[in-house]
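Take a look at the letters that make up each chain.
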Amino acid sequence: MLSKYELVIFDWDGTLMDSVGRIVSSMKGVAKELSLPHPSDIDVKDIIGLSLNEASNRLFPEACDATKDRIKLAYKKHYIELNNTPTPLFDGAHETLSALKDSGKTLSVATGKGRDGLNRVMMESKATHYFSATRSADECASKPHPEMIHTLLKELNILPEKAVMIGDSALDMEMAKNAGVDRIGVSYGAHDRDKLKIYEPIAIIDCLTQLKP
């Protein structure tokens, strides 16, 4: 499946890490704490991959700037300190990343997480060493803007046709399409196959080990 590609770009939440449940429950906790309209599970899943600023704009469009600042602080508190929902890497993640790297692939990450959060979870999951470069939402324009992918391609000196994006959300697929790179969806994250198919992925997989060479 990946034989023609030099660079494999992974989304993080919902693709490598089983964190969708924690994101959803944390955001609902924020809404309750700040007496904001309670978003549905689907509403929150649809913003996974966006920067926290953009996610707040979409979920709570009536909130003023001061409230949005409170939302950001409250979300970080809920996700890191108050929410004990486990967030392991998905089954086969280490096995697959190791096999891809050993086969000569360059691996990278493009995520809606902030830099501090990405560094923390990569270290906690002992996954940092797999990746040659990473991009977070506070360093580039939010998905589905293609800036994350464009800057990765430039840094790693890889042509778009030699790269592929792996992601669980429509935002991942749209970002890859906007960047002119192929994409592979995963069926076990934020969005189902029907939403992913809209962006014409070359495949949709049900388990990370399907990516192994």
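## Examining the sheet that holds strand E3 (residues 133-135)
So, point 1. In spatial order, the strands read E3-E2-E1-E4-E5-E6; together these six strands make up an open sheet with parallel pairing. In this open sheet, the two strands that pair with only one neighbour each are E3 and strand E6 (203-205). This sheet shows a mean twist of 25 degrees between the axes of neighbouring strands, independent of strand direction.
So, point 2. Bridge analysis of strand E1 (residues 7-10) against strand E4 (residues 163-167) gives four bridges, and the strand direction is parallel. The residue bridging Ile 9 from the neighbouring strand is Met 165, located in E4.
So, point 3. With respect to the sheet, helix H6 (residues 115-124) is in contact with strand E2 (106-110) and E3, its orientation differing from that of E3 by roughly 135 degrees.

## A word on helix H1 (residues 20-33)
So, point 1. Between its first and last C-alpha atoms H1 spans 20 Å; for 14 residues at 1.5 Å apiece the expected length is 20 Å, and the two agree.
So, point 2. Turning to H1, its buried residues are Val 20, Arg 22, Ile 23, Val 24, Ser 26, Met 27, Gly 29, Val 30 and Ala 31.
So, point 3. Once H1 finishes, Ser 35 follows within two positions and takes phi at roughly 55 degrees, a positive value.

## Brief notes about the nonpolar core
So, point 1. Ranked by internal contacts, the top residues of the largest apolar core, which has 28 residues, are Phe 10, Trp 12 and Phe 131.
So, point 2. For this core, the secondary structure elements donating two or more residues are E1, helix H5 (93-102), E2, H6, E4, strand E5 (182-186) and E6.
So, point 3. Counting 23 residues, the second-largest nonpolar core is a separate cluster that includes Ile 47, Leu 52, Tyr 75 and Ala 190.

## Examining the packing of aromatic side chains
So, point 1. Evaluated as defined, the whole model comprises four aromatic pairs.
So, point 2. Pairing Tyr 130 with Phe 131 gives two aromatic rings, centres 6.3 Å apart and planes at 80 degrees, and the pair type is edge-to-face. Accessibility assignment for this pair places Tyr 130 and Phe 131 in one class, buried.
So, point 3. Three or more aromatic residues joined by ring pairs form one cluster here, namely Trp 12, Tyr 130 and Phe 131.

Reading guide: rules and limits
- Sequence order as written defines residue numbering, which begins from 1 separately in each chain.
- Since the coordinates come from a predicted model, pLDDT governs what is reported: local features require at least 70, and pairs of side-chain atoms require 80 or more to be given and counted, while whole-chain, interface and lining totals use all residues.
- Where side-chain values are given, they derive from all heavy atoms of the structure, hydrogens and water being excluded.
- For two strands to be treated as a pair, DSSP must find at least two bridges joining them.
- Each helix is a run of DSSP H or I of at least 4 residues and each strand a run of E of at least 2, with the numbering of both proceeding from the N terminus.
- To obtain an axis, a line is fitted to C-alpha atoms, over the contacting stretch when the element is a helix, and the angle between two such axes runs from 0 to 180 degrees between their N-to-C directions.
- Here, two residues are considered to be in contact whenever any of their heavy atoms come within 4.5 Å of each other.
- Every helix has an expected span of 1.5 Å times one less than the residues it contains.
- Exposure is judged per residue with a 1.4 Å probe applied to protein chains only, and the accessible area is read against the type maximum: over 50% gives exposed, under 20% gives buried, and values in between give partly exposed.
- Here, nonpolar core means buried Ala, Val, Leu, Ile, Met, Phe, Trp, Tyr and Cys residues that are tied together by side-chain atoms lying within 4.5 Å of each other.
- Pairing of aromatic rings covers Phe, Tyr and Trp, the last counted by its six-membered ring, and requires centre-to-centre distances within 6.5 Å; plane angles under 30 degrees mean stacked, over 60 mean edge-to-face, and any other angle means tilted.

The values are spatial; any link to function lies outside them.
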